[in-house]
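Inside the fold
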Amino acid sequence: LFDGVFPFYPQQRKSAVFDISTIIVIVVFLALACSFLLIIPGIRGRARVYWTLRVLLSLFVGVVIVVVQFTGDWETGWVQANTSYKSFSPVQVDADIGLHIGLAGVNVTLRGNPVRQINETINYNEHFPWNFGADYDRSYSEGLEKGLPSPILYVAEKFRTQSPCAVHRQYRIAGHYASVMLWVAFCTWVISNILFSMPVLVYGGYMLLATGAFMIFSLVSFSTVRNSPMCLIQIGTRTLHVAYGGSFWLMLAVGLLCFVVGITIVAMHYLNLDLLKTFFDLREDKAEEYQEMPEVLINPHIVNKGL
């Protein structure tokens, strides 16, 4: 109690995986995909299938590169345990405690089993940012002032700058450089799409390979946090362990996909250029370039006069 008043939570809650930024990015790319689907009936023949495959695949790669910047499941972990709910109270609750680590911060989730226990609804999710420009320790102090449940504060305390675990700096730097690599990958993805719209397909393939390379570099950057030993997060009699989450594996899969597509395009450029131009709907331009001239009608009077 604070002077006889219960703590309250006026701020907007942030979800563990999806937030407003993620939803905005997904909506923008879905709008682009829907706009393309509206014009796809105007494309004739097999080119319609080729255009659909190219555009949807390209949009999928682009949305993944941007969305994972805001997701919070690069590393995740869950544990179910009996734990104290409030400080200086012997009352224990049965709850699931989740830890979700992203590039810009950490989310700690507390969900009761069942949700309604000790006359309270136990369903919390708190975000503690560590990206540049944010103060993690200040967010933690605000959580103390608000009176967050003890399990959330205990897990969040492991990532403080003054914590004996000393993992705050590693996660912050690794997340920053991983984010930078992803933005560079997004730029190379844009350049590759521009090159694919021109008759320089092999360079588009090279830029797609660069896109995949920067995506893999971001994973390597984030993986450096494993070089630092992580403190045990002991909750009750159980230990919370974290492992790579959905965003990490999705980024790995899309990066390998970019490598496969890029290598295929470069190989087709040297082995079967006509087939590659057919897939990118560029053979028509070449046919027009070498098209024979139609029949020409000549005025014999002008010809005789010239002779």
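The name an unreviewed UniProt entry assigns to the protein is DOXA2 factor, from the organism Phainopepla nitens. As stated in UniProt under Sequence similarities (unreviewed entry), the record for the protein gives "Belongs to the DUOXA family."

**Examining the UniProt feature "transmembrane region" (unreviewed entry) in the protein**
Residues annotated by UniProt as "transmembrane region" (unreviewed entry) correspond here to residues 20–39, 51–71, 177–196, 202–225 and 246–271. Annotated as 92% helix and 0% strand, the span residues 202–225 places its first and last C-alpha atoms 36 Å apart.

**Notes on the pattern of salt bridges**
Inspection of the entire model under this criterion finds four salt bridges. With a closest N to O distance of 2.8 Å, Glu120 and Lys86 form a salt bridge. Pair noted here: Glu120 is in strand S4 (residues 120–129) and Lys86 is in the loop between strand S1 (75–84) and strand S2 (92–101), with a separation of 34 residues, a long-range link. For Lys146, the salt bridge is made with Glu126, and the minimal N-O distance between the two is 3.8 Å. Taken together, the residues span a long stretch of sequence, with Lys146 in helix H3 (residues 136–146) and Glu126 in strand S4 at a distance of 20 residues. With a relative accessible area of 5%, Glu126 lands in the buried category.

**A word on the pairing of strand S3 (residues 105–117)**
Relative to S3, S2 is paired through seven bridges, and the arrangement is antiparallel. When the sheet's bridge partners are listed, His100 is paired in S3 with Asn107. Here S2 hands over to S3 after three residues, the two strands then running antiparallel side by side. By the bridge criterion, nine bridges tie S3 to S4 in an arrangement that is antiparallel. Paired with Gln117 across the two strands is Glu120, which belongs to S4. Connecting S3 to the next strand, S4, in antiparallel fashion are two residues, including Ile118 with a positive phi near 40 degrees.

**Points about H3**
Within the span of H3, buried status applies to Tyr136, Asp137, Ser139, Tyr140 and Gly143. Each buried residue of H3 lies within a common arc of 160 degrees when the element is viewed along its axis, so the set occupies one face. Facing away from the buried surface of H3 by more than 90 degrees, the exposed residues are Arg138 and Glu145. Contacts from the buried residues of H3 go to S3, S4, helix H4 (150–157) and helix H5 (168–196).

Thresholds, definitions, all that
Residues numbered from 1 in each chain as written. Predicted model: local features only at pLDDT ≥ 70, side-chain atom pairs only at ≥ 80, totals over all residues. Heavy atoms only, no water. UniProt positions renumbered as here; feature names shortened; annotations may be inferred. Helix = DSSP H or I, 4+ residues; strand = E, 2+ residues; numbered from the N terminus. Salt bridge = Lys/Arg side-chain N within 4 Å of Asp/Glu carboxyl O. Buried < 20%, exposed > 50% of the residue type's maximum accessible area, 1.4 Å probe, protein only. Pairing = 2+ DSSP bridges. Arc of directions from axis to C-beta. Contact = heavy atoms within 4.5 Å.

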